[in-house]
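# Survey of secondary and tertiary structure
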Amino acid sequence: MSAASTQPPVTIQTSASTMSTTPAAPAAPAGPIFDKGLANTIAAETQMSFIDGGKGVLEYVGIEIDALARNSTYEETVYLLWNTKLPTQAELNALKSALQAEYEIPDAIYDMIKSFPKDAVPMHALRTLVSALALHDAEATSSETTPAGIESAKRQALRLVAKTPTLIANFDRHRSGKAFVRPNKSYDIATNFLWMLNGEKPTEAMSRGLDICLILHADHGLNASTFAGRVTIATLSDMYSAMTTAVGTLKGPLHGGANEEVMIMLDEIGSMDNVEPYIKGKLERKELIMGFGHRVYKAYDPRATYLKTFAKQIATDTGNIKLFEMSQKIEGIVLDAKAGKGIFPNVDFYSATTYHCLGIKTDLFTCMFAMSRMSGWAGHCIEQLQDNRLIRPQAKYNGPHEAPYVAMAQRS
Ligand code: CMC
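Residues numbered from 1 in each chain as written. Predicted model: local features only at pLDDT ≥ 70, side-chain atom pairs only at ≥ 80, totals over all residues. Heavy atoms only, no water.

Below, the discussion takes up helix 13 (residues 272-284). For helix 13, with 13 residues, the first-to-last C-alpha span of 19 Å sits near the 18 Å given by 1.5 Å per residue. Three or more residues of helix 13 are buried, namely Val275, Tyr278, Ile279, Gly281, Lys282 and Leu283. Residues of helix 13 that are buried in the fold lie against helix 12 (258-269) and helix 15 (321-335). Immediately beyond the C-terminal end of helix 13, within one or two residues, lies lysine 286, with a positive phi of roughly 60°. (Helix = DSSP H or I, 4+ residues; strand = E, 2+ residues; numbered from the N terminus. Expected span 1.5 Å × (residues − 1). Buried < 20%, exposed > 50% of the residue type's maximum accessible area, 1.4 Å probe, protein only. Contact = heavy atoms within 4.5 Å.)

Let's shift gears to unusual backbone geometry. Not every positive phi belongs to a glycine, and leucine 236 is a case in point at roughly 70°. Here leucine 236 lies in the loop between helix 10 (224-234) and helix 11 (239-250). For leucine 236, a relative accessible area of 31% corresponds to the partly exposed category. Here glutamate 402, not a glycine, exhibits a phi torsion of approximately 50°, which is positive. Among the structural elements, glutamate 402 can be located in the segment after helix 17 (365-386). We classify glutamate 402 as exposed; its relative accessible area is 64%.

All right, on to the site of the ligand then. His255, Ile289, Gly291, Phe292 and Arg295 are the nearest of the 20 residues found near the ligand. Between histidine 255 and the ligand, the recorded distance is 2.6 Å, taken from a side-chain N or O atom to an oxygen atom. The separation between an oxygen atom of the ligand and a polar side-chain atom of asparagine 346 is 2.9 Å. The fraction of the free accessible surface of the ligand (930 Å²) that becomes covered by protein chains is 66%. (Near = heavy atom within 4 Å. Polar contact = N/O pair within 3.5 Å; in protein donor to acceptor, adjacent residues only side chain to side chain. Areas by Shrake-Rupley, 256 points an atom, 1.4 Å probe, with all protein chains shown as cover.)

What follows is about the pattern of salt bridges. Evaluation of the coordinates by the stated rule reveals 22 salt bridges. A salt bridge links arginine 155 to glutamate 139, with the shortest nitrogen-to-oxygen separation between them at 2.6 Å. Here glutamate 139 lies in the loop between helix 6 (122-133) and helix 7 (147-175) and arginine 155 lies in helix 7, a separation of 16 residues in the sequence. By relative accessible area, which is 21% here, glutamate 139 ends up partly exposed. Note that aspartate 211 is salt-bridged to arginine 208, the shortest N-O span being 2.9 Å. Here arginine 208 and aspartate 211 lie together in helix 9 (residues 204-217), a separation of 3 residues that amounts to about one turn. (Salt bridge = Lys/Arg side-chain N within 4 Å of Asp/Glu carboxyl O.)

Here you go:
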């Protein structure tokens, strides 16, 4: 049987960006569309974040990311994403209390952390621990799309957002040979994380710095890890499985792993004098400059706009201004259409300097991203359950047909 007789005709999708302010309802395609990388496919609906990649706009529930970074807190942003409205003071207090009540992790999880090799890759540790939390949550069964099932998914989401900082901070303490620090239920998420990580209460400026990073990374449309999470929950698997999938997907250097690569690059460059030869060498060898480029943004990533200002401030305050100045010089070269590639920095570029200035080790950067994005992933999974359909695209088969089965003895 030939391919032509078994497969419907495949349309090659070539049109430009699908991200417009008012996307028209897609016309029903005549047959499957081959859209490598799904760049031109709208695969889900969301009310959480809106991106206009051409104009460099990001809104959470209609509110510009810049306004949220300046005025909101991570907890308020989580409320906004999950309820599609800003909370009243009473609603915010209730969410904060509910999160604080779930900061602690089971003793068995602390024991598990103790068993991890001290040189474990932090994202491997986090992925494993997120998965292991399901063993201690009686609600982590198959998902249901009923109102009761959605409420259960929301409770699991809250536990995951609350416990993830405890997992990350205490894994770092274990590998550094330090005693565990239990969460402090009177602190907000950012303060509590830095408290556990460092064993002392952070300054307000440090807490606020991390809080801003958490706001900026909380949600971002149907990015790769969010999509992966939605694919998992759409099978009616549980929330922990979906979050485990998402953590694993975020880890890659083309996605959340880029922030670590940016810091490694800054360390390798080392001095202002070396910026130009290093970056030009990479461009000549056609190597990627990490922290630049984006599938959706073809303008300045609005998260990077805010982080650039913030990184300058925190780098000045912490005596790391050289890092910021090197970053700015790199941006100048890469953004230049002639000398560089004419491409803009993304969120990962200035978040590297910011996390470094907050005293966070380079190999924890992607975990920080996961800690924030957990709320966006979980929110998308709840949206998926509220209007679920199995996500199951097709593959374009390029292999042979009617091949003979060759016996082992005859194979070369
Ligand atoms: N350095 C050098 N060239 C680049 C870069 C870069 N960082 N990004 C894109 N390009 C070039 C690419 O080589 C291609 O050039 P040409 O047309 O000559 O072949 C052109 O720009 C278009 O790139 P693309 O590969 O079609 O873009 P994409 O949408 O498939 O990939 C990306 C997007 C983010 C994977 C890519 O820009 C990249 O690999 N960036 C570096 C990794 C990075 O910073 N990732 C974080 C993304 S933002 C946070 C997140 O979502 O996780």
